[in-house]
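Observations on chain architecture
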Amino acid sequence: MENWGLITFRETAMLYHEDESTSANKMATIAVIAHEITHMWFGNLVTCKWWSDLWLNEAFASYLEYAAVESVETTWNYFDLFLMTDTLSALTADSSATSHPIVRPVREPEERAYTSAIVYNKGASVLRMLEFVMGTTSFQKALTAYIKANEYNVVETVQLWDELEKENNHAATIKIHDLMDSWTTKAGFPYLNISRLDPTTVWSVPFSYYKSLKPQKLPHLEFITKKEETITVETDASLNGLLKINTNSEGFYLVNYPEEDWGKWIDALVNDQNSILSDLTVSDRTNFIIDSFYLSRAGLLSYETPLALSEYLKREKHLTPWSVAI
Ligand SMILES: [Zn+2]
């Protein structure tokens, strides 16, 4: 608990013994310490005005704890665990009928009950998406200004959007408030049904993709802001005419490819064509597992697809894709 100047911990979240604790214990311990220290800024120096905006404390602590851990343990690639520790629980909670928006009206303190997977994990996931859209430098600059402008004071979500807007490199295309409103004030999340002719959506979605992986993969970013949107992309022969949509799985949405494309992805991944597995990031590979299983669970894709795709796991050495598959 992040009391200012006197953080309190459960013993299990604080004590680590080199000979007796597991590496998972070590990771959990350092993550909790990083989370509580992050609250010194997000929660204590700047505090949410009311329970409705609790995510301004908890989502920031849950997201920025990754950056804190990475700066101390530089060899861990700690961000590669994000889909396993945050995204998966957020998607599971947010696909249930009892889900609620990240920001929601609370009139009396008695109504403040919330699902921590939404306020903490989905909150962290949408902040990760926002950092991807803005770029790390602009995101950090805006957050520094947000803390400075609101220190020793209380805030509502709109004050965060206003501060981020000042560093919005895409301001000509979309305002931060318009981009983030649906992600924070609606329950659930979108899935993109990709056809080569007519993708449709009612969410403001940062649509990112790679069309080639060599010599290096460069994420392209466009915004889907209308109910119907056609995006024209010339595919590249080096990726067999495929597009990897949702680069590094930064977006909090699912992608359903045309059946033929799922088949090509399965071939490419299972046979590691053109060393595709090492060209994709851990989060990209995990993304295929999560999306295909969740789409099947929702009845939008045959279970044959995720099961066939899972065969690639025989070549997978990272914990995260295995963990989400199991
Ligand atoms: Zn917290």
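Residues numbered from 1 in each chain as written. Predicted model: local features only at pLDDT ≥ 70, side-chain atom pairs only at ≥ 80, totals over all residues. Heavy atoms only, no water.

In the annotation of an unreviewed UniProt entry, the protein is listed under the name glutamyl aminopeptidase and assigned to Oppiella nova. For the record of the protein, the UniProt heading Sequence similarities (unreviewed entry) holds the text "Belongs to the peptidase M1 family." (UniProt positions renumbered as here; feature names shortened; annotations may be inferred.)

Our focus in this paragraph is the packing of aromatic side chains. Two numbers describe a pair of aromatic rings. These are the distance of the centres and the angle of the planes. A complete count under the given rule lists 19 aromatic pairs for this structure. Seen from their ring centres, Phe207 and Tyr209 are 5.8 Å apart, and the 50° between their planes marks the pair as tilted. The pair Phe207 / Tyr209 is uniform in exposure class, with both members buried. Aromatic ring contacts, followed pair by pair, group Tyr63, Tyr66, Trp76, Tyr78, Phe79 and Phe82 into a single cluster. Note that Lys244 overlies the ring of Phe288, its terminal NZ or CZ placed 5.3 Å from the centroid. (Phe/Tyr/Trp six-rings, centres within 6.5 Å; stacked < 30°, edge-to-face > 60°. Buried < 20%, exposed > 50% of the residue type's maximum accessible area, 1.4 Å probe, protein only. Lys NZ or Arg CZ within 6 Å of the ring centre and 35° of its normal.)

Okay, the UniProt feature "domain: Peptidase M1 membrane alanine aminopeptidase" (unreviewed entry) in the protein next. The sites that carry the UniProt feature "domain: Peptidase M1 membrane alanine aminopeptidase" (unreviewed entry) are, in the present numbering, residues 1–183. Secondary structure across residues 1–183 divides into 54% helix and 3% strand, with the first and last C-alpha atoms of the span separated by 27 Å. (Helix = DSSP H or I, 4+ residues; strand = E, 2+ residues; numbered from the N terminus.)

Bound to the zinc ion on the protein side are His35 (NE2), His39 (NE2) and Glu58 (OE), at distances that span 2.0 to 2.1 Å. In terms of primary sequence, the donors binding the zinc ion are separated according to H-x3-H-x18-E. Here Glu58 lies in helix H2 (residues 55–72) and His39 lies in the loop between helix H1 (23–38) and strand E1 (46–48), a separation of 19 residues in the sequence. Both residues of the pair, His39 and Glu58, belong to the buried class. (Donors = N, O, S within 2.8 Å, 3.2 Å for Na, K, Ca; no water.)

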